[in-house]
Amino acid sequence: MCLASILLVALVRSAAADDLSVFHPASRPAASIRDLFYLVFGITGAIFALVEGMLVYAAWRYRRRKAGNDPEPAQVYGSQPLEVAWTVAPLLIVFVLFLVVVRSVFEAQEGNDDPPALRVQLIGHQWWWDVVYLDEQPGAGVHTANELHVPTGTDGQPARIEVELLSADVIHSFWVPRLAGKTDLVPGQTNHMWFTAEEPGTFFGQCAEFCGMQHANMKLRVVAESAESFQAWRKNEAQPALALANVTKGRERFLSLSCVNCHTIRGTAAHGTVGPDLTHLMTRRTIAAGAADNDHEQLRAWIADPDSIKPGSEMPNMRLSSAEIDAVVDYLETLH
């Protein structure tokens, strides 16, 4: 009953906008994981039904009866067929599960021999994701944060995305349920994984390893789009930031603050790497690793008091005046 309820809730959840369900895969590795779950759930469910059914039958068949109508059930000792059955059957079940788990693990880790269409480095920080594009193409080496844009593929052939996973501080875990299984990001170690996105859309992810106070607000979005849209996005990301004359005051104020020690805005003197690259901040849909929408009000609230959105955030309150906050926000809103 409990397992059925969990399955029902998960299936209903798969229809939600922020779909984190493994039952709605959009890639081959994720489909393999879902199929494995169904198989294990079916086998264990059948065993559960069989055992519970025998218990219920035995309780009913040999229940207490009136005096004189309560003969002792037939006793069975040393039945060789039964001993063989309850020894061999569990071994066969475990062996079958072992084989299918190994097959699924190899499918998820090794995949196919197709050359990667894109190579990306993902670095986990407390509590955000640094995304670096590695391929020797226009836009190689550019950084973005908390949103991973990938192509879906061409001519019906899904694009293979290879990801290097590193951590800047503690153990994190990359998990986008509709695209792939979990893979840890471990300090001092480079892990690898791959996935495909076989349909366009936004796929939601979450750090799956407790990594501190704001672990729950370390979210990630994978935006899968056509090859043309992806190249256009990447071309824009490779450009330096705009320097519009009407926001000079906010730009100068931003560059005068210690924000430049943590953030990079290409084309300016800001070259920090502790926090997210802000060069194209306004192309992202959220701020603070998915903790708030990226709109004027939330951006203003984030700069005025980061703890109001993400308690414990590493970003300090700069104690700016209201006018200074407005000027800085006006400048940041030009970073498309």
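Given the structure is predicted, the values throughout are model-derived calculations rather than measurements.

Chemist: Residues and numbers for the overall build of the chain, please.
Modeler: Helix and strand counts for the chain come out as 7 helices and 14 strands. Relative to a compact globule of 336 residues, whose C-alpha radius of gyration would be 20 Å, the chain shows 27 Å and is clearly more extended. Reported as C-alpha extents along the three principal axes, the dimensions of the chain are approximately 100 × 50 × 35 Å. Buried residues in the chain amount to 40% of all 336 residues. Surface exposure of the chain reaches about 18,300 Å², of which carbon and sulfur atoms provide 60%. Separation between the mean location of the 26 positive side-chain charges and that of the 38 negative ones in the chain comes to 7 Å.

Chemist: Describe helix α3 (residues 80-109), and please don't skip the residues or the numbers.
Modeler: Along its 30 residues, α3 runs 43 Å from first to last C-alpha, staying within 8% of the 44 Å computed at 1.5 Å per residue. Here α3 has its buried residues at L97, V100 and S104. For α3, the elements touching its buried residues are α2 (28-61).

Chemist: Account for the sheet that holds strand β7 (residues 161-167), with residues named and values stated.
Modeler: Taken together, 5 strands build an open sheet; the order of strands is β3-β2-β1-β7-β10 and the sheet is mixed. Of all the strands in the sheet, the pair left with one neighbour each is β3 (143-145) and β10 (191-195). Each strand axis lies, on average, 25° off the axis of its neighbour in the sheet, ignoring direction. Bridge count for strand β1 (residues 118-125) against strand β2 (residues 128-133) is 6 bridges, and the pairing is antiparallel. Bridge pairing links V120 to Y133 in β2.

Chemist: So what about the confidence of the model for the chain? Which residues, and what values?
Modeler: Of the residues in the chain, 90% reach a pLDDT of 70 or more, and the chain-wide mean stands at 88. No element of the chain has a lower mean pLDDT than helix α1 (residues 2-13), at 52, and none a higher one than strand β8 (residues 172-174), at 97.

Chemist: Break down the sheet that holds strand β11 (residues 201-206) for me, with residues and values.
Modeler: Strand order in the open sheet formed by 3 strands is β4-β12-β11, and the pairing between neighbours is mixed. With partners counted over all chains shown, the strands left at the sheet margins are β4 (147-151) and β11, one partner each. Strand-to-strand twist of the sheet, defined as the mean angle between neighbouring strand axes without regard to direction, takes the value 20°. Along the sheet, helix α4 (residues 227-237) makes contact with β4 and β12 (219-225), crossing β4 at roughly 135°.

Chemist: Summarise the packing of helix α6 (residues 296-304) against helix α7 (residues 322-332); cite the residues concerned and give the values.
Modeler: Between α6 and α7, the least distance of the axes is 10 Å, while the angle of their chain directions is 125°. It follows from the interaxial angle that α6 and α7 lie oblique. Viewed along their axes, α6 and α7 form a crossing whose handedness is right-handed. Contact residues: α6 offers H296, L299, R300, I303 and A304, while α7 offers S322, I325, D326, V328, V329, D330 and L332. Class assignment for the residues of the contact of α6 with α7 results in 7 nonpolar, 2 polar and 3 charged.

Chemist: So what's going on with the packing of aromatic side chains? Which residues, and what values?
Modeler: Enumeration according to the criterion identifies 10 aromatic pairs in this entry. Centroid distance W129 to F174: 6.3 Å. Interplanar angle 85°. Geometry classified as edge-to-face. One end of the pair, W129, is in strand β2; the other, F174, is in strand β8, with 45 residues separating them in the sequence. Each member of the pair W129 and F174 is classed as buried.

Chemist: Could you give an account of the nonpolar core, with specific residues and numbers?
Modeler: In terms of nonpolar packing, the biggest core is built from 32 residues, with Y133, V150, F174, F195 and V222 touching the most fellow members. Taken together, the elements giving at least two residues each to this core come down to β1, β2, β4, β7, β10, β12 and α4. In this structure V222 touches L148, V150, V176, L179, F195, G201, T202 and F203, once residues within four positions along its chain are discounted. Listed in part, the 25 residues of the second largest apolar core include F254, I265, L281 and W302.

Chemist: Any details on the side chain of T279? Residues and values, ideally.
Modeler: Examined against the element boundaries, T279 turns out to sit in the loop between α5 (248-256) and β13 (286-287). Within the structure, T279 has its side chain in polar contact with the backbone nitrogen of R266 (distance 2.9 Å). Within the structure, the side chain of T279 is placed 2.6 Å from the side chain of D277, a separation counted as a polar contact. Once residues lying within four places of it in the same chain are set aside, the contact partners of T279 are Q239, P240, A241, T264, I265, R266 and L335.

Parameters and conventions
- Residues numbered from 1 in each chain as written.
- Predicted model: local features only at pLDDT ≥ 70, side-chain atom pairs only at ≥ 80, totals over all residues.
- Heavy atoms only, no water.
- Helix = DSSP H or I, 4+ residues; strand = E, 2+ residues; numbered from the N terminus.
- Rg over C-alpha atoms; globule rule 2.2 N^0.38 Å.
- Buried < 20%, exposed > 50% of the residue type's maximum accessible area, 1.4 Å probe, protein only.
- Areas by Shrake-Rupley, 256 points an atom, 1.4 Å probe, with all protein chains shown as cover.
- Lys, Arg positive; Asp, Glu negative; His and termini not counted.
- Charge placed at Lys NZ, Arg CZ, Asp CG, Glu CD.
- Expected span 1.5 Å × (residues − 1).
- Contact = heavy atoms within 4.5 Å.
- Pairing = 2+ DSSP bridges.
- Axes fitted to C-alpha atoms, helices over the stretch in contact; angles between N-to-C directions.
- pLDDT = per-residue confidence, 0-100.
- Parallel < 35°, antiparallel > 145°, perpendicular 65-115°, else oblique.
- Left-handed = near helix turned anticlockwise from the far one by under 90°.
- Nonpolar A, V, L, I, M, F, W, Y, C, P; charged D, E, K, R; others polar.
- Phe/Tyr/Trp six-rings, centres within 6.5 Å; stacked < 30°, edge-to-face > 60°.
- Core = buried A, V, L, I, M, F, W, Y, C linked by side-chain atoms within 4.5 Å.
- Polar contact = N/O pair within 3.5 Å; in protein donor to acceptor, adjacent residues only side chain to side chain.

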